[in-house]
Amino acid sequence: MADVLVRQAKPGDAEAIYQIEKLCFPDPWSREAMVYELEKNPRAFYIVAEMGKKVVGYAGLWWIEDEGHITNVAVMPGYRNRKIAEGIIQVMLDFTCEEGIKHHTLEVRRSNIAAIALYEKFGFQVEGVRKGYYLNNGEDALLMWRHAE
């Protein structure tokens, strides 16, 4: 992950995050949703990964009491397989745990074997299934949790 800076996202990052969303997800969040998350949602916490001055990845989390619901983790095509997602997740978990989050959760497509393996590296385990969760194809989501010790 050399030459990658992981930092808290700023409102000015909304467009870059939206562009990554469009490239990475079949049902991307809207530009307006990203602006709302970064400017107005008091429960939202986002971080980005930069190479040079270019945002190449990001992760978002909703902070609810002592739980963190990870909304999205994405790395721009062409920048994958460089441990950028791993670095983003590590920074997010380290920071939010220090701030009092004891439980992290996320949904992941059942078919996304690479993402599941990545989350398992950080101690996430499947604790449930959301049937037909993804609107574009009706695929199930695995509900994964990580609990602080």
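Coordinates for the structure precede this section.
So, how was this worked out
- Residues numbered from 1 in each chain as written.
- Predicted model: local features only at pLDDT ≥ 70, side-chain atom pairs only at ≥ 80, totals over all residues.
- Heavy atoms only, no water.
- Axes fitted to C-alpha atoms, helices over the stretch in contact; angles between N-to-C directions.
- Helix = DSSP H or I, 4+ residues; strand = E, 2+ residues; numbered from the N terminus.
- Parallel < 35°, antiparallel > 145°, perpendicular 65-115°, else oblique.
- Left-handed = near helix turned anticlockwise from the far one by under 90°.
- Contact = heavy atoms within 4.5 Å.
- Nonpolar A, V, L, I, M, F, W, Y, C, P; charged D, E, K, R; others polar.
- Phe/Tyr/Trp six-rings, centres within 6.5 Å; stacked < 30°, edge-to-face > 60°.
- Buried < 20%, exposed > 50% of the residue type's maximum accessible area, 1.4 Å probe, protein only.
- Lys NZ or Arg CZ within 6 Å of the ring centre and 35° of its normal.
- 1 Å grid on protein atoms, 1.4 Å probe; cavity = no way out; pocket = protein on both sides within 12 Å on 5 of 7 lines; lining within 4 Å.
- Points joined across faces, edges and corners; volume = space filled by probe spheres on them.

Caption draft 1: Inspection of the packing of helix H3 (residues 84-98) against helix H4 (residues 113-121) at higher detail. Remark: H3 packs on H4, axes separated minimally by 11 Å, with the N-to-C direction vectors making an angle of 40 degrees. In this view, H3 runs oblique relative to H4, as classed from their interaxial angle. H4 is crossed by H3, and the crossing has right-handed handedness. Contacts between H3 and H4 involve Ala 85, Glu 86 and Ile 89 from the first element and Leu 118, Tyr 119 and Lys 121 from the second. The residue inventory of the contact of H3 with H4, partitioned by class, reads four nonpolar, no polar and two charged.

Caption draft 2: Up close: the packing of aromatic side chains. Scanning the entire structure with this criterion turns up seven aromatic pairs. Between the aromatic rings of Trp 63 and Phe 95, the centroid separation amounts to 6.4 Å while the plane-to-plane angle is 80 degrees, which identifies the pairing as edge-to-face. With Trp 63 in strand S3 (residues 54-64) and Phe 95 in helix H3, the pair connects residues that are 32 residues apart, well separated along the chain. A residue is classified by how much of its surface remains accessible, and Trp 63, at 22% relative accessible area, is partly exposed. Relative accessible area serves as the criterion here: at 33%, Phe 95 is assigned to the partly exposed category. Here the aromatic cluster, defined as three or more aromatic residues joined through ring pairs, consists of Phe 45, Trp 63 and Phe 95. Stacked on the ring of Tyr 134, the Lys or Arg Arg 109 has its end atom at 4.0 Å from the ring centre.

Caption draft 3: Broad picture of the packing of helix H1 (residues 14-24) against helix H2 (residues 31-39). Their axes nearest at 9 Å, the elements H1 and H2 cross at an angle of 135 degrees. Relative to H2, H1 is oriented oblique. The handedness of the crossing between H1 and H2 is right-handed. For the pair H1 and H2, the contacting residues are Ala 14, Glu 15, Ile 17, Tyr 18, Gln 19 and Glu 21 in the first and Arg 31, Met 34, Val 35 and Leu 38 in the second. Looking at the contact of H1 with H2 residue by residue, the class counts come to six nonpolar, one polar and three charged.

Caption draft 4: Broad picture of the layout of surface pockets. Taken as a whole, the largest pocket spans an internal volume of roughly 1100 Å³. Lining the largest pocket are 36 residues, and of these Phe 25, Val 73, Asn 112, Ala 115 and Tyr 119 sit closest to its centre. Contributions of two or more residues to the lining of the largest pocket are made by H1, strand S4 (67-75), H3, strand S5 (103-109) and H4. Residue contributions to the lining of the largest pocket peak at seven residues, all from S4. Class assignment of the residues belonging to the lining of the largest pocket gives a composition of 22 nonpolar, five polar and nine charged.

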